[in-house]
Amino acid sequence: MANLHMVVCLKVVPKPEEIRVDKKTNRLERTDARSELNPPDMNAMEMALSIKERYGGKISILTMGPPYFEPLLRVGLAMGADHIYLLSDRDFGGADTLATTYTLAKGVEKIEGVDLIFCGEESSDGATGQVPPGLAEWLDFNQITMINNIELAPRKKTIRGRREIKAGHEILEVPLPAVVSVAVASNEPRFMDYRIKDWAFEEERMTVWSKDDLDVDAEYIGVSGSPTIVSDLAQAATRERKREFLTGTPEEIADKLKVILQDAL
Amino acid sequence: MANKIWVCIDQFKGEALVTSWEAVGTGRKLADEVGAGLTALVFGEGVENIANTAIHYGADEVLLADDPTLADFRPEPYAALLAKLAEDGSPDVILFPTTTRGRELAGMASVDLNTGVLPDVIELDVQGDKVTAIRPVYAGKLLARTECSSKPQLVTLRVRAFGMPELNESRTGTVTKVDALMAEDEIVTKVVEYATVGAGVSLTDASIIVSGGRGTSNRPQLIPPDEITDEKEQEIWRAQQGFKLIGELASLLGAAVGASRAAVDANYIPYSAQVGQTGKVVAPDLYIACGISGAIQHQAGMRTSKVIVAINKDPDAPIFKLARYGVVGDLHDIVPALTEALEDRLSY
């Protein structure tokens, strides 16, 4: 399927360990935090690349966000993707999952001819896991979420995705076009290929679309398209844990633990 | 009384997931608080018993769609039916468990009903006619209070964050049968295969997790067999001896085996066992960390565990900051001793 067109949705997130909340204003301080590509999205990218290696086709990166995301998205190109579509507009800001999936769906429609969309299982910041099913529903694409393996039947134009379920696994088959979300840690994402770094940073590898470039209804994007709001944000209380060190021979320690854990067991 | 709080029951092969009852219990409390009724939605084939159990756990009414096309969860017939029922019944709130299927269904319903989702919440309150939900964000570092201005308010409840309700078999309610909306030939998703594995508890479902880290290989006195000459492979062999001890303790406790990123990066154990920011996020009742230093990225995956026991040779390891009980010692000594001590527990 040499003309297979895949999209990988990438999100740029602040490193969770570097963000904090300003105690006075209760606002998120992310200025000190460095950004990274959402780690689960790397598993999605790796799965798409493995399909491209085997069956050919091309991979477009799709992202909604501000222009400063660009250098990180270029890393996706250096991993083996072909083009970046960045949906960037002040009016896209403040979007919840409903407005985000709407906007991304409009981006996919504008790209045209997309067969298969890969998303990470969830993002490390918002962690909703809601983008893959929402995106599929806006586009009326089929979907399989949380897969750790994919098989493509190029002639039948179907995919089979395997996912872990309670105490086992299942394999689902759907016709293309489809959206899949890739379970975190289901593969080992490759590093960028430094030999194509210069190529990856060439200007023509990236297209930026604003709201005027997309066929969007202003009511459905950004804050106005977002029914959910975050009213308050607080540092998760690090539970004051009473700490107790157990000492003695391994056998004595084991006996103490046994008594202590009776409740938990 | 109008039944305006709804709960979607997640079932697999005719058996409801336990977390579905947590959702019913939460729905019951919510309904009582606002003076509403609670409706449970049960989709499947041969699931009448689930409908009755939902009533015993607190539902006033069950909308039961019992049909071969709904036997396995598939997104399109489930979402289509949910959207239709919600349009007709206009509930204020629909609760789902945060399972793979619950997340899919909520995400689709959000678009179909043009409303918002409050996903993976750990606390739920009512203010006026709105629910407010607390949910962990940024790898559990922050808690966000969120609400939804449109209806129905879709809420997915984090598994195990809400307690189990009491089962009351004398509770009564009504079961209303509803028809499936799609015929089999309209449904394109096919379940090709499923298999259950007898052994092994999945990390996300486990109430106890025993995890290993770098320290699993830190036992110089273990001498690998002669045929393993490569230094890296010797290290992996040592780590496997450590994970064997961890596995024995885990199987005795009915626990899942987890690992730190350092352990999976060093090829001690497959990536699927990884607990942490780039692995599974877990919140068991008991987390036993063996030879894990406790890097921030690991903490992000297990810090909300109820009781944490840390076993590490290094008294300064950061994991001890999180631990309720700490043991400064070698896991290769402590873990087998604990297994042995706990073995008599199995006699009952």
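Residues numbered from 1 in each chain as written. Chains lettered and ligands numbered in written order. Predicted model: local features only at pLDDT ≥ 70, side-chain atom pairs only at ≥ 80, totals over all residues. Heavy atoms only, no water.

A. Quick peek at the packing of aromatic side chains. All names here are of chain B. In this structure the tally under the stated criterion is 10 aromatic pairs over all chains. Measuring from centroid to centroid gives 5.5 Å for F43 and Y78, while their planes differ by 65°, and the two rings are edge-to-face. Separated by 35 residues along the polypeptide, F43 in strand β4 (residues 38-44) and Y78 in helix α3 (residues 75-89) bring together distant segments of the chain. The pair F43 / Y78 is uniform in exposure class, with both members buried. Of note, K13 hangs over the ring of Y194, and the distance from its end group to the ring centre comes to 3.8 Å. (Phe/Tyr/Trp six-rings, centres within 6.5 Å; stacked < 30°, edge-to-face > 60°. Helix = DSSP H or I, 4+ residues; strand = E, 2+ residues; numbered from the N terminus. Buried < 20%, exposed > 50% of the residue type's maximum accessible area, 1.4 Å probe, protein only. Lys NZ or Arg CZ within 6 Å of the ring centre and 35° of its normal.)

B. Fine view of the interface of chain B and chain A. Each side of the interface is counted separately: chain B has 78 residues, and chain A has 77 residues. Of the roughly 7000 Å² buried between chain B and chain A on both sides combined, carbon and sulfur atoms contribute 59%. Ranking the residues of chain B by area buried against chain A places R103, Y138 and K141 of chain B at the top, with a combined share of 11%. The tally of links between chain B and chain A comes to 3 salt bridges. Close ionic contact of E104 of chain B with R163 of chain A constitutes a salt bridge, the shortest N to O distance being 2.8 Å. In terms of residue class, the side of chain B that touches chain A is built from 41 nonpolar, 19 polar and 18 charged. Bridging between strand β14 (residues 228-235) of chain A and strand β10 (residues 142-148) of chain B involves 7 bridges; their strand directions are antiparallel. Paired with L233 of chain A across the strands is A144 of chain B, a residue of β10 of chain B. (Contact = heavy atoms within 4.5 Å. Buried area = accessible area lost by both parts, 1.4 Å probe. Salt bridge = Lys/Arg side-chain N within 4 Å of Asp/Glu carboxyl O. Nonpolar A, V, L, I, M, F, W, Y, C, P; charged D, E, K, R; others polar. Pairing = 2+ DSSP bridges.)

C. How the structure looks around the pairing of strand β9 (residues 130-137) of chain B. All names here are of chain B. By the criterion of burial, β9 is predominantly enclosed, with 7 of the 8 residues buried. With 5 bridges joining them, strand β8 (residues 123-127) and β9 adopt antiparallel strand pairing. Bridge pairing links E123 to I134 in β9. Remark: 2 residues form the turn of the hairpin made by β8 and β9, two consecutive strands paired antiparallel; G128 in that turn has positive phi of roughly 65°. Pairing between β9 and β10: 6 bridges, direction antiparallel. Of the residues in β10, the one forming a bridge with T132 is E147. The turn linking β9 back onto β10 is made up of 4 residues, and Y138 within it adopts a positive phi angle of 50°.

D. Inspection of the pattern of salt bridges at higher detail. According to the stated counting rule, one finds 38 salt bridges over all chains in the structure shown. In this structure, a network of salt bridges that share partners links the residues R28, D32, D60 and R171 of chain B.

E. Region of interest: helix α6 (residues 250-261) of chain A. Residue and element names in this part refer to chain A. Over its 12 residues, α6 runs 16 Å from end to end, which matches the ideal 16 Å to within 8%, given 1.5 Å per residue. Three or more residues of α6 are buried, namely I253, A254, L257, K258 and L261. With its buried residues spanning 140° around the axis, α6 presents them on a single face. (Expected span 1.5 Å × (residues − 1). Arc of directions from axis to C-beta.)

F. Focus on helix α3 (residues 97-111) of chain A. Residue and element names in this part refer to chain A. Taking 1.5 Å of rise per residue, the 15 residues of α3 would be expected to cover 21 Å, and the 21 Å separating its terminal C-alpha atoms lies within 8% of that figure. α3 sits mainly inside the fold: 13 of its 15 residues count as buried. If you check the start of α3, you find a side-chain oxygen 3.0 Å away from the backbone N of L98, and it comes from D96. (Polar contact = N/O pair within 3.5 Å; in protein donor to acceptor, adjacent residues only side chain to side chain.)

G. View of the sheet that holds strand β15 (residues 256-259) of chain B. If you trace the 6 strands from one edge of the open sheet to the other, you get β15(A)-β18(B)-β17(B)-β16(B)-β14(B)-β15(B), paired in parallel fashion. At either end of the open sheet lies a strand with only one pairing partner, and these are β15 (244-246) of chain A together with β15 of chain B. Shown here is a sheet whose adjacent strand axes are inclined to one another by a mean of 20°, direction ignored. Judged from the 4 bridges that link them, strand β17 (residues 307-312) of chain B and strand β18 (residues 325-328) of chain B form a sheet pairing that is parallel. Its bridge partner lying in β18 of chain B, V309 of chain B is registered against Y325 of chain B. (Axes fitted to C-alpha atoms, helices over the stretch in contact; angles between N-to-C directions.)

H. Structural context of the environment of R34 of chain A. Residues and elements named next belong to chain A. Relative to the helices and strands, R34 is located in the loop between β4 (28-29) and β5 (35-37). Residue R34 is classed as exposed on the basis of its relative accessible area, which comes to 52%. With 17 residues separating them in the primary sequence, R34 and E17 have C-alpha atoms 9.5 Å apart. Setting aside anything within four residues of it in sequence, one finds R34 in contact with V13, P14, K15 and E18. Within the structure, R34 has its side chain in polar contact with the side chain of E18 (distance 2.4 Å).

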